[in-house]
Amino acid sequence: LNFYQAHLRSTNSVCNAPTRKAKAIKLSNMKQRLLVLKGTTSTIGRQSQILEASAKIGNGHYCFRYASSAMPNYESDVDPVFRSSQYGSAGTPLYVAATRQHVGKTSTSMALLSGLQKRFDQVGFMKPVGQQSLKVKENGKILDVDKDAVLVKHHFGLDHLNYKDISPVLIPRGYTRDYLDGKINYEDQEALVDNAYREVSAESEIILCEGTGHCAVGSIVHASNAQVASWLGAKMILVANGGLGNTFDELELNKVLCDREGVEICGVIVNKVQPEKLEQTREYISKALDLHWGGVPLLGCVPDRPFLGCPALSDLENLFGTQVLTGENHRLRHYRVQDLNLVATSLQVFLHNLRTNPSRSLYVCHASRNDILLGFLMDHPLRKTGTENESALVVTGTDEYPLSAQVLDIIEGLNESGSAPPVLLAPYPTNTVMDMIHGFTPKLNFEDENRAHTAVNHYEPYIDFDLLLERTGHLDRAKQAVN
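Note that the structure is a prediction, hence the values are computed from the model and not measured.

1. A short note on the overall build of the protein chain
Point 1. Check the secondary structure of the protein chain and you find 19 helices and 15 strands.
Point 2. Looking at the protein chain as a whole, 51% of its 483 residues are labelled buried.
Point 3. Within the protein chain, residue pairs in contact and separated by at least 24 positions form 75% of the contacts whose partners lie at least 6 positions apart.
Point 4. When the accessible surface of the protein chain is split by element, carbon and sulfur atoms take 50% of a total near 22500 Å².

This is the structure:
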């Protein structure tokens, strides 16, 4: 307590008002807890199990941990890190964060969860702070839940967990302004995460938390990945894209935030590595970690799998804010960006290309080219039985040039016969659509089970789970669960 008070005096001058207030509340809670511990230990004596009161100083955070069935269920407004350790037997939670956007954090998290399920009977999951959400129904209520939380719960069948607990805090549009205006406060956010963690911990043997983006995301509302990991007393797994110099630079930037919050990094996973450079990357990233971070291991080095970056038609629906006009049963068909073709030829040349290009090609044409659209639609049923044709057509500029009634009648007839190939309308100009597709990075979602399964099966074998569990104190428990 004296040490923490000295820490407050030395840091208050460089802290903002919300942080000073939060630290003052923590100090008050610490005093209350010490009084309770003092009274409890005098009555329990040597009959109590291990009692440990420890203070962890790191940006004003602390925790007390104990293991004693005789301890009272003391419910005051104490620090969330302490309360999290008080409930359940999940041990130290694992927290996954990326070094930047589009590095495969969700794919990595799902592979980790899959491996953990093979080693524990009850695995918990949380997305403590989310951004993009979906509406789900739970216990008769409609909830806004982070989309990755929906994916994970659905894919892994986590029926022992509630949506409200695995996705406690969402940051939708306008949230940041409300926080800065004082309509949302720091303590409420922390309490939501804490209460959710307690519920998940009570039902789980181990907990995996997935962060949102890199370690600094959420800093403006005092809920960055590094801060939330500190609240929970979690150990961090950093995920980075393959490479060497740039990869380690990004890792170093994120480590600074973890160090500031007192969060231990238990390991690094590097993915999307060029297959021919897999061994080289594994060797030199390991050397860099050993040289600069001393003891932090490389937990996995995952080669790139191009399929995971191929958009499905359902992804393009979301990108353009539309739905397929025909071929709805092919919405989950994936297309390589390399097979994207802009149609600027005559109908005769287009039909020739349609028969000679790779069967799964994605064509783009303007809505003024009725000849191309009708040729594409009519060619499909004329193909010989057994001839593959998995092509799709994106028709651009439909806001300015809507399809004629005659074309729509033909499309409706083909839809009724079930023989129509997939056609997707895009309201944007052709050049904009091409740029949008080329710049698009598809994400895992609960609808596309094939991509989710592929990601898990690809990533999981490259992760050293024994090393991860040893680094986080779960290895002995995992072996018992396997046996």
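2. Points about the side chain of asparagine 225
Point 1. Relative to the elements of secondary structure, asparagine 225 occurs in helix α9 (residues 225-232).
Point 2. Accessibility expressed as a relative area gives 3% for asparagine 225, which makes it buried.
Point 3. Among the polar contacts listed, one links the side chain of asparagine 225 to the backbone oxygen of glycine 213, at a separation of 3.4 Å.
Point 4. Non-local contacts of asparagine 225, meaning those with residues more than four positions away in its chain, are made with Tyr95, Ala97, Gly211, Thr212, Gly213, His214, Cys215, Val217 and Met236.

3. Some points on the sheet that holds strand β8 (residues 235-241)
Adjacent strands of a sheet pair through backbone hydrogen bonds, lying either parallel or antiparallel.
Point 1. In space, the 6 strands of this open sheet follow the order β2-β7-β1-β8-β9-β10, with parallel pairing throughout. Both edges of this open sheet fall to β2 (123-126) and β10 (298-303), since each of them pairs with a single strand only. On average, adjacent strands in this sheet sit at an angle of 20 degrees to one another, irrespective of strand direction.
Point 2. Relative to strand β9 (residues 265-273), β8 is paired through 6 bridges, and the arrangement is parallel. Its bridge partner lying in β9, isoleucine 237 is registered against glycine 267.
Point 3. Contacting β9 and β10, helix α11 (residues 278-292) crosses the sheet at an angle of about 155 degrees to β10.

4. With respect to the nonpolar core
Point 1. Leu112, Met236, Ile237, Leu238, Val268 and Trp293 are the most contacted members of the largest nonpolar core, which has 87 residues in total.
Point 2. Per-element tally for this core: the top contributor is β9, with 6 residues.
Point 3. Leucine 112 has contacts with Val96, Leu208, Ile237, Ile269, Ile463, Phe465 and Leu468, leaving out every residue within four places of it along the chain.

5. Things to note about the pattern of salt bridges
Point 1. One pass over the structure, following the stated rule, counts 23 salt bridges.
Point 2. Between arginine 331 and glutamate 447 there is a salt bridge whose closest N-O contact spans 2.7 Å. Taken together, the residues arginine 331 in the loop between β11 (324-326) and β12 (340-342) and glutamate 447 in the loop between α16 (430-438) and α17 (449-459) connect sequence positions 116 residues apart.
Point 3. Notably, a salt bridge pairs aspartate 371 with arginine 369, separated by 3.1 Å at the nearest N-O pair.
Point 4. On the basis of relative accessible area, aspartate 371 is assigned to the partly exposed category, the value being 31%.
Point 5. You can call arginine 369 partly exposed: its relative accessible area is 23%.
Point 6. Put simply, Lys127, Asp146, Lys147 and Asp148 are held in one network by salt bridges that share partners.

6. Some details on the packing of helix α5 (residues 147-156) against α17
Point 1. Across the interface, α5 lies against α17 with an axial gap of 12 Å and an inter-helix angle of 80 degrees. With respect to their mutual orientation, α5 and α17 come out roughly perpendicular. In this structure, α5 contributes Leu151, His154, His155 and Phe156 to the contact, and α17 contributes Glu449, Ala452, His453 and Val456.
Point 2. Split by residue class, the contact of α5 with α17 holds 4 nonpolar, 3 polar and 1 charged.

7. Overview of the packing of aromatic side chains
Given two aromatic rings, one states the distance between the centres and the angle between the planes to describe the pair.
Point 1. Considering all chains together, one arrives at 4 aromatic pairs under this definition.
Point 2. Arranged with centres 5.8 Å apart and planes meeting at 90 degrees, the rings of tyrosine 186 and tryptophan 231 form a pair that is edge-to-face. With tyrosine 186 in helix α8 (residues 186-202) and tryptophan 231 in helix α9, the pair connects residues that are 45 residues apart, well separated along the chain. Tryptophan 231 matches tyrosine 186 in its accessibility class, with the two residues each being buried.
Point 3. Positioned over the ring face of tyrosine 163 is lysine 153, at 4.7 Å from the centre of the ring.

8. Points about unusual backbone geometry
The phi torsion of most residues other than glycine is negative, and most of the peptide bonds are trans.
Point 1. In this model, asparagine 139 sits at a positive phi of 55 degrees, which is unusual for a non-glycine residue.
Point 2. Overall, the relative accessible area of 67% leaves asparagine 139 in the exposed class.
Point 3. The phi dihedral of lysine 272 falls on the positive side, at around 55 degrees, and the residue is not glycine.
Point 4. Residue classification places lysine 272 among the partly exposed residues on the basis of a relative accessible area of 32%.

9. Observations regarding the pairing of strand β5 (residues 141-146)
Point 1. Where strand β4 (residues 133-138) lies against β5, 6 bridges are found, and the strand directions are antiparallel. The partner of valine 136 across the bridge, within β5, is leucine 143.
Point 2. Counted along the chain from β4 to the antiparallel partner β5, the turn is 2 residues long, and its residue asparagine 139 has a positive phi close to 55 degrees.

10. Quick notes on the confidence of the model for the protein chain
Point 1. When the pLDDT values of the protein chain are averaged, the result is 83; 79% of them are 70 or greater.
Point 2. Overall, residues 38-87 carries pLDDT values under 50, and its contacts beyond four positions in sequence, including any with other chains, amount to 110 contacts.

11. Here we look at helix α4 (residues 105-117)
Point 1. The first and last C-alpha atoms of α4 sit 18 Å apart over 13 residues, in line with the 18 Å expected at 1.5 Å per residue.
Point 2. With 12 of 13 residues buried, α4 is to be regarded as a mostly interior element.
Point 3. Buried residues of α4: Lys105, Thr106, Ser107, Thr108, Ser109, Met110, Ala111, Leu112, Leu113, Ser114, Gly115 and Leu116, and no others.

12. Overview of the pairing of β2
Point 1. Of the two faces of β2, the one lined by Val123 and Phe125 and the one lined by Gly124 and Met126 are each fully buried.
Point 2. As judged from the 4 bridges shared by β2 and strand β7 (residues 206-214), these two strands associate in the parallel manner. Each residue of the ladder has a partner; that of methionine 126, found in β7, is cysteine 209.

Conventions and cut-offs
Residues numbered from 1 in each chain as written. Predicted model: local features only at pLDDT ≥ 70, side-chain atom pairs only at ≥ 80, totals over all residues. Heavy atoms only, no water. Helix = DSSP H or I, 4+ residues; strand = E, 2+ residues; numbered from the N terminus. Buried < 20%, exposed > 50% of the residue type's maximum accessible area, 1.4 Å probe, protein only. Contact = heavy atoms within 4.5 Å. Areas by Shrake-Rupley, 256 points an atom, 1.4 Å probe, with all protein chains shown as cover. Polar contact = N/O pair within 3.5 Å; in protein donor to acceptor, adjacent residues only side chain to side chain. Pairing = 2+ DSSP bridges. Axes fitted to C-alpha atoms, helices over the stretch in contact; angles between N-to-C directions. Core = buried A, V, L, I, M, F, W, Y, C linked by side-chain atoms within 4.5 Å. Salt bridge = Lys/Arg side-chain N within 4 Å of Asp/Glu carboxyl O. Parallel < 35°, antiparallel > 145°, perpendicular 65-115°, else oblique. Nonpolar A, V, L, I, M, F, W, Y, C, P; charged D, E, K, R; others polar. Phe/Tyr/Trp six-rings, centres within 6.5 Å; stacked < 30°, edge-to-face > 60°. Lys NZ or Arg CZ within 6 Å of the ring centre and 35° of its normal. pLDDT = per-residue confidence, 0-100. Expected span 1.5 Å × (residues − 1).

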